[in-house]
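Understanding the architecture of this molecule
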Amino acid sequence: MTISHDTFTFVADLVRRRSAILLEPGKEYLVESRLLPLAREAGASGVDQFVAQLRANPSPARTAVVVEALTTNETSWFRDVAPFDALRRHIVPELRAGGLGRLRVWSAACSTGQEAYSIAMTLQEVLVPTVAVEITATDLNEQVLERARSGTYTQLEVNRGLPAPTLVRHFQRHGSGWQVSDELRRWITFRQHNLLDVPPPGGPFDVVFLRNVLIYFDLPTKRAVLERVRAALRPGGYLVLGAAETTIGVHDDYERVVLDRATVYRSAGGRAAAAAPAAAPTTAATATAASLAAARSTLAGVPARPASAAVPPRPVLPTPARPAGSVFAPTSTRGAGLT
Amino acid sequence: MRALVIDDSRAMRRIVGQTLRGLGFEPVEAEHGQHALDLLAGDEPVPALACIDWNMPVMDGLTFVTRVRQNPQWRDMTLMMVTTESEHGQIVRALAAGAHEYLIKPFTTDAIRDKLELLGLVPVGESA
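Residues numbered from 1 in each chain as written. Chains lettered and ligands numbered in written order. Predicted model: local features only at pLDDT ≥ 70, side-chain atom pairs only at ≥ 80, totals over all residues. Heavy atoms only, no water.

Under the annotation held in an unreviewed UniProt entry, chain B carries the name Two-component system chemotaxis response regulator CheY and is attributed to Cellulomonas iranensis.

The name given to chain A in an unreviewed UniProt entry is protein-glutamate O-methyltransferase, with the source organism recorded as Cellulomonas iranensis. One UniProt comment on chain A, placed under Catalytic activity (unreviewed entry), says "L-glutamyl-[protein] + S-adenosyl-L-methionine = [protein]-L-glutamate 5-O-methyl ester + S-adenosyl-L-homocysteine". (UniProt positions renumbered as here; feature names shortened; annotations may be inferred.)

Structural data, given as structure tokens:
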């Protein structure tokens, strides 16, 4: 099923006016995949009908939900397990074999911080305490950074893609929500940063996570961002992109590496900084790819009970009969990239 | 794949059951833990998954999890609590008793899918 040209043009124009994010022709799949859940909830037969209803009967609230669906960076924890699996099973062991004493990671376009904390949780599981971990997490939007720094999440947010054993290991109840442990919060420095500016302090980085961001940019902007990231990576360091993204055909100084179900990109070693791309980036680069995640799905159930302040000591959990609760439980391969 | 939906609220069984059906499961409803154990004792194949409320009459969800874990025949069944119990200590208790996952009400239906993806019971989908 594909959406009509008319639907796409309307949505692209709406999103451009509201967010400065440019949805060029070729991004129909993005519009469709992000709006289909909303369409289903609204009882529409598909995205075309849903958008037609919105146009016939516009409301600020419904419009905002549509814009948010298209501008919200993916903020659920380990929902896409492959990159974290690659980090744990391949990247960290390789770095450790090279005599690693310190690991520097950049979570770029971190939104409300779930990715940065997920990285921290993964590293805490696999690293010995003698390895210092420094995670730099950046976003353009100071509001989301403030939330990220607090490390507090609602019940709805921790329900999304965070395994329960991981939740109880790294979080404490905080009012009606949850807060990440102080220890993990100390590992992360949150900073305001534009991906087109010089890289943030804290590098050179061993690993950069830049997931589901490039999809919003046109080709010259993608190239400019990848050049900035390459300059921030240690030679041989790894770039982790979203499943629908690649450096191929965009920037030549990365080597594609397949690590089990994850595809990552290794910075070409030791080369001097290449000349900056000639084409000027468009205004799309100023877009805030992050906004607060909306609970836009059907809300089921009744309100959670008020939290008590009592927090038991850190539990030692027995292994269930099958370690299905593991972050890295086997899942089938993600669909082919939609580049 | 069959999936037990154990909850004393018919509305909740319907919501969870419909979501599971949309993910390719065949939901089987039980009103409490004992009802679910009775169903398990029947001739039908062991369900791949059970979604379990905590507070129910006759037999609560934690007791059900404990009883299931005492029987090696049901070892392959994935157990997920779906409950308003949201205390840190309660989650720890349920996991220690043998539950694999824990979903706190209220939840979005997407959250069920996320949990089942983490458990490897449904394929990982595209971001939505």
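Residue and element names in this part refer to chain B. Mapped onto the present numbering, the UniProt feature "modified residue: 4-aspartylphosphate" (unreviewed entry) falls on Asp53. With respect to the helices, strands and loops of the structure, aspartate 53 is situated in the loop between β3 (49–52) and α3 (61–69). Aside from chain neighbours lying at most four places away, what touches aspartate 53 is Ile6, Asp7, Asp8, Gly61, Met81, Val82, Thr83 and Lys105. (Helix = DSSP H or I, 4+ residues; strand = E, 2+ residues; numbered from the N terminus. Contact = heavy atoms within 4.5 Å.)

With 76 residues, the main nonpolar core has A:Leu123, A:Phe171 and B:Phe64 as its most contacted residues. At 7 residues, the largest contribution of residues to this core is made by helix α5 (residues 82–97) of chain A. If we skip the residues at most four places from it in the chain, A:Phe171 touches A:Trp77, A:Met121, A:Tyr153, A:Val158, A:Leu162, A:Thr166, A:Trp178, A:Gln179, A:Val180 and B:His88. Listed in part, the 48 residues of the second largest apolar core include A:Leu38, A:Ala69, A:Leu70 and A:Trp106. (Core = buried A, V, L, I, M, F, W, Y, C linked by side-chain atoms within 4.5 Å. Buried < 20%, exposed > 50% of the residue type's maximum accessible area, 1.4 Å probe, protein only.)

To continue, consider the pattern of salt bridges. Taken as a whole and assessed by the stated rule, the structure comprises 24 salt bridges over all chains. Note that A:Glu125 is salt-bridged to A:Arg169, the shortest N-O span being 3.6 Å. Separated by 44 residues along the polypeptide, A:Glu125 in helix α6 (residues 114–126) and A:Arg169 in helix α9 (residues 164–170) bring together distant segments of the chain. The class for A:Arg169 is partly exposed, based on a relative accessible area of 33%. In this structure, the salt-bridge partner of B:Arg2 is B:Glu44, at a minimum N-O distance of 3.6 Å. Taken together, the residues span a long stretch of sequence, with B:Arg2 in strand β1 (residues 2–6) and B:Glu44 in the loop between α2 (33–40) and β3 at a distance of 42 residues. With a relative accessible area of 16%, B:Arg2 lands in the buried category. Overlapping salt bridges bring together A:Asp80, A:Glu115 and A:Arg211 as one network. (Salt bridge = Lys/Arg side-chain N within 4 Å of Asp/Glu carboxyl O.)

Once that is clear, we can look at the packing of aromatic side chains. All names here are of chain A. Using the criterion set out here, one finds 7 aromatic pairs over all chains in the structure. A ring pair is formed by tryptophan 77 and tyrosine 153, whose centres lie 4.8 Å apart and whose planes are at 75°; its orientation type is edge-to-face. Linking tryptophan 77 in the loop between α4 (60–71) and α5 with tyrosine 153 in strand β3 (residues 152–153), this pair joins segments that are 76 residues apart in sequence. Accessibility classification places tryptophan 77 together with tyrosine 153 in one group, the buried group. For the ring pair tryptophan 106 and phenylalanine 205, a centre distance of 5.5 Å and an interplane angle of 35° mean the geometry is tilted. Taken together, the positions of tryptophan 106 in strand β1 (residues 102–108) and phenylalanine 205 in strand β7 (residues 205–210) put the pair 99 residues apart, joining distant regions of the chain. For the pair shown, tryptophan 106 and phenylalanine 205 are each scored as buried. Joined through ring pairs, the aromatic side chains of Trp77, Tyr117, Tyr153, Phe171 and Phe190 make up one cluster. (Phe/Tyr/Trp six-rings, centres within 6.5 Å; stacked < 30°, edge-to-face > 60°.)

Attention shifts here to the sheet that holds strand β2 (residues 26–30) of chain B. All names here are of chain B. Taken in spatial order, the 5 strands make up an open sheet running β2-β1-β3-β4-β5, and their pairing is parallel. The two strands at the open ends of the sheet, each matched to only one other strand, are β2 and β5 (101–104). In this sheet, neighbouring strand axes are inclined to one another by 20° on average, regardless of whether the strands run parallel or antiparallel. As judged from the 4 bridges shared by β1 and β3, these two strands associate in the parallel manner. The residue bridging leucine 4 from the neighbouring strand is alanine 50, located in β3. Sitting on the sheet, α2 touches β1 and β2, and the angle it makes with β2 is about 130°. Its contacts with the sheet place α3 against β1, β3 and β4 (78–83), and it is angled at close to 175° to β4. (Pairing = 2+ DSSP bridges. Axes fitted to C-alpha atoms, helices over the stretch in contact; angles between N-to-C directions.)

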